[in-house]
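Structural overview
Residue-level listing of the chains:
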Amino acid sequence: MSDATLPRPDWRNSLAAIWREQRVWIASALILLALAIFDPAQARSSALFAGGALLNTAPYLILSIAIAAWAGATGADNLIARAFTGAPLLMIGLAALAGGISPFCSCGVIPLIAALLAMGVPLSAVMAFWLASPIMDPSMFVLTAGVLDLEFAIAKTLTAIGLGIFGGVVVHVLAGNGALADPLREGIGNGGCGGAKIRAPKPVVWRFWAETDRRAKFGKTAISTTMFLAKWLTLAFVLESLMLAWIPAETVTAALGGNGLWPIVTATLVGVPAYLNGYAALPLVGGLMEQGMAPGAGMAFLVAGGVTSIPAAMAVWALAKPQVFALYIGLSLSGAFAAGLLFQLWVTMA
């Protein structure tokens, strides 16, 4: 008599598959669970903070998701890709300018970045936009001018554009030597190619809703992008809430005080783990400068912290391969130090 018993499923493979597919959600849940056990008040505070942050960024996220889904459904992504071909240095400059003045936060720009890379837009132009975008936007400019001063706000805007151009040029040189091919992680977009190849253009159908396949593609892209953003941003905002709760402002103050070159170096490095958020950091820096901190150190802290803040850095980590993430961090730190040094020289000479 033959054994008709079905083979038992390998529970270890099942758990591994669940972890592989849902590890970001699991990480967020485990953090909140641990907080609920050991610090219920902080668990409630972190959950409310994450929910509020997601709600505040929702308008930008919805617009970004809609643009990404619309581009894919209509075929307009091919036109966008073609627009980024030709003069690479011009595209780098335009991308840095757009990033420096655009209203998109580092979270809202994620689906656009993924879509651009997947279309084959050169990584150099995308990196220029990516670096410039978290540093400045219109509302941040107004707030910076009010909390600090107009000179600082203008200098920070120029820094955003300059850092974008600097990063874009560096990536352009590296890509010209054959590096940084296929910058996207597996499963993000269609693999991208950093400009090494541009897909053959296809006809654009602006009224995509008239075709069943294109409507389905719009919906599929919108849903997948929304889920991708939701899991990463939830984790990012939970971690950010813990930074706000557990890193005292006095600690940052003690590390960033003083004048000279060393405070600029310290501010650049401290800005990575200790940055609160773009709006909360401004009064902190203003108070430090009133206590004698060098303006250059304040600039370095705001730039380094803005580009490498948890939401911005996790966006890069989620989308790009490790070598692209490492390059992003390296460009951020070197650019922030240079910006702080140049601004300090400007203030000294003025």
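Since the structure is predicted, the reported quantities are computational estimates derived from the model, not experimental observations.

The next point concerns the overall build of the chain. Looking only at helices and strands, the chain has 15 helices and zero strands in total. The 350 residues of the chain split such that 46% are buried. A total accessible area of about 17000 Å² is found for the chain, and carbon and sulfur atoms account for 70% of it.

Summed over the entire model, instances satisfying the criterion amount to one salt bridge. Notably, a salt bridge pairs R214 with E211, separated by 3.1 Å at the nearest N-O pair.

Moving on: the packing of aromatic side chains. The way to describe two aromatic rings as a pair is by their centre distance and the angle between their planes. Overall, the coordinates contain five aromatic pairs when judged by the stated rule. Pairing F208 with W209 gives two aromatic rings, centres 5.5 Å apart and planes at 75°, and the pair type is edge-to-face. Looking at F208, the relative accessible area reads 11%, which means it is buried. Taken together, a centroid distance of 5.1 Å and an interplanar angle of 80° make the contact between W317 and F325 edge-to-face.

Moving on: the environment of A312. Note that A312 resides in helix α14 (residues 310-319). Judged by relative accessible area, which is 2%, A312 ranks as buried. A C-alpha to C-alpha distance of 9.5 Å links A312 and S133, two positions 179 residues apart in sequence.

Bringing the side chain of T159 into the picture now. Note that T159 resides in helix α8 (residues 150-176). Among the polar contacts made by the side chain of T159, one reaches the main-chain carbonyl oxygen of A155 at a distance of 2.8 Å. In contact with T159, not counting residues within four places along its chain, are M299, V303 and A339.

The next point concerns the packing of helix α4 (residues 88-101) against α8. Close contact between α4 and α8 brings their axes to 8 Å; oriented N to C, the two are set at 145°. In this structure, α4 meets α8 at a crossing whose hand is right-handed. Contacts from P88, L89, I92, G93, A96, L97 and G100 in α4 reach T157, A160, I161, G164, I165, G168, V169 and H172 in α8. Looking at the contact of α4 with α8 residue by residue, the class counts come to nine nonpolar, six polar and no charged.

Attention now moves to a nonpolar patch on the surface. Taken together, the side chains of L261, L341, L342, L345 and M349 make up a nonpolar region of the molecular surface, amounting to roughly 530 Å² of accessible area. Of the residues forming the nonpolar patch, the biggest block, four residues, is contributed by helix α15 (residues 322-349). Here L261 is to be found in helix α11 (residues 261-274).

Take the confidence of the model for the chain next. Residues with a pLDDT of 70 or more make up 77% of the chain, whose mean pLDDT is 78. Per-residue pLDDT, averaged within each element of the chain, yields its smallest value for helix α3 (residues 76-83) (61) and its largest for α8 (91). The model gives residues 190-200 a pLDDT under 50, and that stretch makes 31 contacts with residues more than four places away or in other chains.

Put simply, α4 and helix α6 (residues 123-132) touch, their axes get as near as 7 Å, and they point 25° apart. With respect to α6, the element α4 is oriented roughly parallel. At the point where α4 passes α6, the crossing takes the right-handed sense. Where α4 approaches α6, its residues M91, I92, A95, A96, A98, G99 and G100 are matched on the opposing element by S124, A125, A128, F129 and A132. Residue composition of the contact of α4 with α6, grouped by class: nine nonpolar, three polar and no charged.

Conventions adopted
Residues numbered from 1 in each chain as written. Predicted model: local features only at pLDDT ≥ 70, side-chain atom pairs only at ≥ 80, totals over all residues. Heavy atoms only, no water. Helix = DSSP H or I, 4+ residues; strand = E, 2+ residues; numbered from the N terminus. Buried < 20%, exposed > 50% of the residue type's maximum accessible area, 1.4 Å probe, protein only. Areas by Shrake-Rupley, 256 points an atom, 1.4 Å probe, with all protein chains shown as cover. Salt bridge = Lys/Arg side-chain N within 4 Å of Asp/Glu carboxyl O. Phe/Tyr/Trp six-rings, centres within 6.5 Å; stacked < 30°, edge-to-face > 60°. Polar contact = N/O pair within 3.5 Å; in protein donor to acceptor, adjacent residues only side chain to side chain. Contact = heavy atoms within 4.5 Å. Axes fitted to C-alpha atoms, helices over the stretch in contact; angles between N-to-C directions. Left-handed = near helix turned anticlockwise from the far one by under 90°. Nonpolar A, V, L, I, M, F, W, Y, C, P; charged D, E, K, R; others polar. Patch = residues over 30% accessible without salt bridge, like charges linked within 9 Å, V, L, I, M, F, W, Y side chains within 5 Å. pLDDT = per-residue confidence, 0-100. Parallel < 35°, antiparallel > 145°, perpendicular 65-115°, else oblique.

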